[in-house]
Amino acid sequence: MNTEIRIVGTGSYLPEKVLTNFDLEKIVDTSDKWIRERTGIKERRIAAEYQATSDLGTEAALRALKMAGISPAEIDLIVVSTITPDMFFPSTACFIQKNIGAKNAAAFDVMAACSGFLYGLATVEGLVRGGRYKKVLLVASETLSKITDWEDRGTCVLLADGAGACVVVPDKEKHLLSYNLGASGEFGHLLYMPAGGSRLPASVETVKNKKHCLKMKGNELFKIAVRVLAEAGMKAIQEAGIKPEDISLFIPHQANWRIMKACARRIGIPEDKVFITIHKYGNTSASTIPIALDEAVREGRIKEGDLILLDAFGGGLTWGACVIRW
Ligand code: ACO
């Protein structure tokens, strides 16, 4: 019986438009030096006006399907992680289903902010192991630029757009060796978008006061992030029955290079095993991990049998980590 899961294809898509730190210097009171030293970001990608989250996700999905050698019609489930859906409803998963022609697939979104890809993977694992779904597309896609306050230097220098995807199938061997998820709702106010939901429906006032933009208390999050990421990562390693030195590649959520470095140090993973994309893509929320995973696979940084640690935290707060034997 194939009761385990395996990732058999990865894909990613980054919009063409590059926004550099020097471009941002012209928009807000900041500097290339500050952004590079405090975050590790040099440039990021920004979606075109006509591109919605599903458009980015569709490209990433098609690339993952191509690598897997699976046609859209074979897909029986599409799960999309995003905090920037095309609309409140229908789900972004339904738009992607239509775009790729996956007419035999069920489709829904999961929302766990920057931890969304790992929450999505855990959801898919349960559904595939349950035996009902055999060829699943997991997509994380974000257009954070569309909910960015371009006058807030505390957030606009960090946020960016991009999508990553993977195809998951059942397998005899155990590849997802361990995973854990967590949440702490009492810290929800550190990273959120106040308006547009039932608590504060859209109005002229909410638009005027920029309540449809992402709000973040960066330095409060920073301290929690390092601790939570390190704890989740260490738990995943322990539950996989391995040691930190067994990890071939560490792919943390790309929110800040200083957070990633501190977290790797706490776990006991050397810096040269940390896979970094933040310098060129910034923070794309749920998408950072699958984008990095796809790049690592395509660059040959991940080989069959390698042990990979994925580790994320984000709004909610939410967090999660997993160890995969590739
Ligand atoms: N350019 C120049 N100066 C700035 C900027 C900027 N863009 N932003 C803040 N500053 C200033 C502040 O005003 C402050 O000045 P002061 O000392 O005169 O008051 C100084 O820089 C230090 O500000 P801090 O907020 O303490 O800077 P910090 O070193 O904490 O870096 C940052 C800020 C980059 C936001 C960091 O706190 C961080 O990365 N936090 C975590 C963010 C995160 O991980 N979020 C979760 C994920 S978000 C998501 O994924 C969608």
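Up top you'll find the structure we're talking about.
Residues numbered from 1 in each chain as written. Predicted model: local features only at pLDDT ≥ 70, side-chain atom pairs only at ≥ 80, totals over all residues. Heavy atoms only, no water.

A.B. asks: I would appreciate a short explanation of unusual backbone geometry in the present structure.
C.D. replies: For the bond running from Phe89 to Pro90, omega is 5 degrees, close enough to zero to count as cis. With respect to the element layout, Pro90 can be found in the loop between β4 (77-81) and α4 (92-100). A cis geometry characterises the amide bond from Gly316 onward to Leu317, with omega recorded as -15 degrees. Tracing the chain through its elements places Leu317 in the loop between β12 (307-314) and β13 (318-325). Positioned with a positive phi, Lys210 is a non-glycine residue whose angle comes to about 55 degrees. The residue Lys210 is located in the loop between α7 (204-208) and β10 (215-216) in this model. By relative accessible area, which is 26% here, Lys210 ends up partly exposed. Unlike most non-glycine residues, Ser285 shows phi in positive territory, near 50 degrees. Position of Ser285 relative to the elements: it lies in the loop between α10 (278-281) and α11 (288-298). On the basis of relative accessibility, which here comes to 1%, the residue Ser285 falls in the buried class. (Helix = DSSP H or I, 4+ residues; strand = E, 2+ residues; numbered from the N terminus. Buried < 20%, exposed > 50% of the residue type's maximum accessible area, 1.4 Å probe, protein only.)

Worth remembering: the numbers are spatial, not functional.
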